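Below are the chains, spelled out letter by letter.
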Amino acid sequence: MTLLRDRDLARAFDHASYTYDRLTALSPGYRTDLLRSARRLRLPRGGAGLHLLDLGCGTGASTRALLRAAPHARITAVDASSGMLRRARAKPWPAHVRFRHLTAEEVATAGKGPYDAVFAAYLFRNVTDPDGVLAAVRSLLRPGGRLAVHEYSLSGSAAHRALYHHLWRSVLDFDEAPDFADRLENAGFTGVRAVPVAGWQTGIVHTFLARNGSATTAEDDR
């Protein structure tokens, strides 16, 4: 079976949205690792005065992690799957968190930036053109803005075989950590680091951290 792409993948996530939260709840450390990656953005003052983008928000687990890491920030969360977004929107959120139905490529033309930071979990191995998405992310980030990419795999499910076959294959076919770090640098990001998560997923799950150019103030380096 070949990898699902874009529109077919969005439809697969639509169908999987009904059980997605239950599935991820069975994955040890799922929410803890998301929060750890979000906190690695090191956003000052709890995000006060900042506008953040959760790119590929799914049912909102990554959005919740970003909100916990930066409770005072304005957050825009986007996803290509309408089914996943319905699940996300049905949860309680403060007024400064908004959800939009957009693909990663469409966000750059949506006119909602620039953003102070972008958080992308489980996204890049699933897009057809990761370099194009990285270029879009750079165009959305203010100078010195921060990027955190969180990538790891999920286990399979007989109920959604096509989707989970895709997720398993996508991990095998996607860049190894040094290769994705090189991809970030080639896209023009600076200060690129690949930081492994703790626990049993060390060496499998990484937070990739980068900036859009140099930090503009001393506070950005905190």
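Residues numbered from 1 in each chain as written. Predicted model: local features only at pLDDT ≥ 70, side-chain atom pairs only at ≥ 80, totals over all residues. Heavy atoms only, no water.

One rule of thumb: low pLDDT means the predicted coordinates there are not for detailed reading. Model confidence for the chain is summarised by a mean pLDDT of 81, while 71% of its residues fall at 70 or above. The element-level mean pLDDT for the chain is lowest in helix 7 (residues 161–173), coming to 52, with strand 1 (residues 51–55) highest at 98. Across residues 153–161 the pLDDT falls below 50, and counting only partners more than four positions away or on other chains, this stretch makes 13 contacts in the model. (pLDDT = per-residue confidence, 0-100. Helix = DSSP H or I, 4+ residues; strand = E, 2+ residues; numbered from the N terminus. Contact = heavy atoms within 4.5 Å.)

Another aspect to go through is the pattern of salt bridges. The final tally for this structure, using the stated rule, is three salt bridges. Here Arg 36 and Asp 33 are joined by a salt bridge, their closest N and O atoms 2.6 Å apart. Here the residue Arg 36 and the residue Asp 33 both occupy positions in helix 2 (residues 30–39), the gap between them amounting to three residues, near one helical turn. Residue classification places Arg 36 among the partly exposed residues on the basis of a relative accessible area of 27%. Residue Arg 142 is joined to Asp 116 by a salt bridge in which the shortest nitrogen-to-oxygen separation is 2.6 Å. With a gap of 26 residues between them, Arg 142 in strand 5 (residues 141–151) and Asp 116 in strand 4 (residues 115–121) connect regions that are remote in the sequence. Pair check on accessibility: Arg 142 and Asp 116 agree, each one buried. (Salt bridge = Lys/Arg side-chain N within 4 Å of Asp/Glu carboxyl O. Buried < 20%, exposed > 50% of the residue type's maximum accessible area, 1.4 Å probe, protein only.)

A separate point is the side chain of His 150. Looking at where His 150 falls in the secondary structure, it is placed in strand 5. Taking relative accessible area as the criterion, His 150 reaches 0% and is therefore assigned buried. Leave out the neighbours within four places in its chain, and His 150 touches Asp 33, Leu 34, Ser 37, Phe 119, Ala 120, Ala 121, Tyr 122, Val 197, Val 205, His 206 and Thr 207.

What follows covers the packing of helix 2 against helix 3 (residues 61–69). With their axes 8 Å apart at the nearest point, helix 2 and helix 3 run at an angle of 50° to one another. Relative to helix 3, the element helix 2 is oriented oblique. Considering only the axes of helix 2 and helix 3, their crossing is right-handed. Along its contact with helix 2, which presents Tyr 30, Leu 34, Leu 35, Ala 38 and Arg 39, the element helix 3 presents Ala 61, Ser 62, Ala 65, Leu 66, Arg 68 and Ala 69. Looking at the contact of helix 2 with helix 3 residue by residue, the classes come out as eight nonpolar, one polar and two charged. (Axes fitted to C-alpha atoms, helices over the stretch in contact; angles between N-to-C directions. Parallel < 35°, antiparallel > 145°, perpendicular 65-115°, else oblique. Left-handed = near helix turned anticlockwise from the far one by under 90°. Nonpolar A, V, L, I, M, F, W, Y, C, P; charged D, E, K, R; others polar.)

Side chains of Glu 176, Asp 179, Asp 182 and Glu 185 sit close together on the surface and give a patch of like negative charge. Considering the arrangement of structural elements, one finds Glu 176 in the loop between helix 7 and helix 8 (177–186). (Patch = residues over 30% accessible without salt bridge, like charges linked within 9 Å, V, L, I, M, F, W, Y side chains within 5 Å. Areas by Shrake-Rupley, 256 points an atom, 1.4 Å probe, with all protein chains shown as cover. Lys, Arg positive; Asp, Glu negative; His and termini not counted. Charge placed at Lys NZ, Arg CZ, Asp CG, Glu CD.)

Our next topic: the pairing of strand 3 (residues 97–101). With five bridges connecting them, strand 2 (residues 74–79) and strand 3 associate as parallel partners. If you follow Val 78 over to strand 3, its bridge partner there is Arg 100. Once you follow strand 2 into helix 4 (residues 82–89) and on to strand 3, the crossover reads as right-handed. (Pairing = 2+ DSSP bridges. Right-handed = clockwise from strand over helix to strand, strands pointing away.)

Ranked by internal contacts, the top residues of the largest apolar core, which has 29 residues, are Leu 34, Leu 41, Leu 43, Leu 52, Leu 66, Phe 99 and Phe 119. Mapped onto this core, the elements with two or more residues apiece are helix 2, helix 3, strand 2, helix 4, strand 3 and strand 4. When near neighbours in sequence (up to four residues on either side) are disregarded, Leu 52 contacts Leu 43, Leu 66, Ala 70, Ala 73, Arg 74, Ile 75, Thr 76, Tyr 115 and Ala 117. Leu 123, Phe 124, Ala 181 and Phe 208 belong to the second-largest nonpolar core, a separate cluster that totals 27 residues. (Core = buried A, V, L, I, M, F, W, Y, C linked by side-chain atoms within 4.5 Å.)

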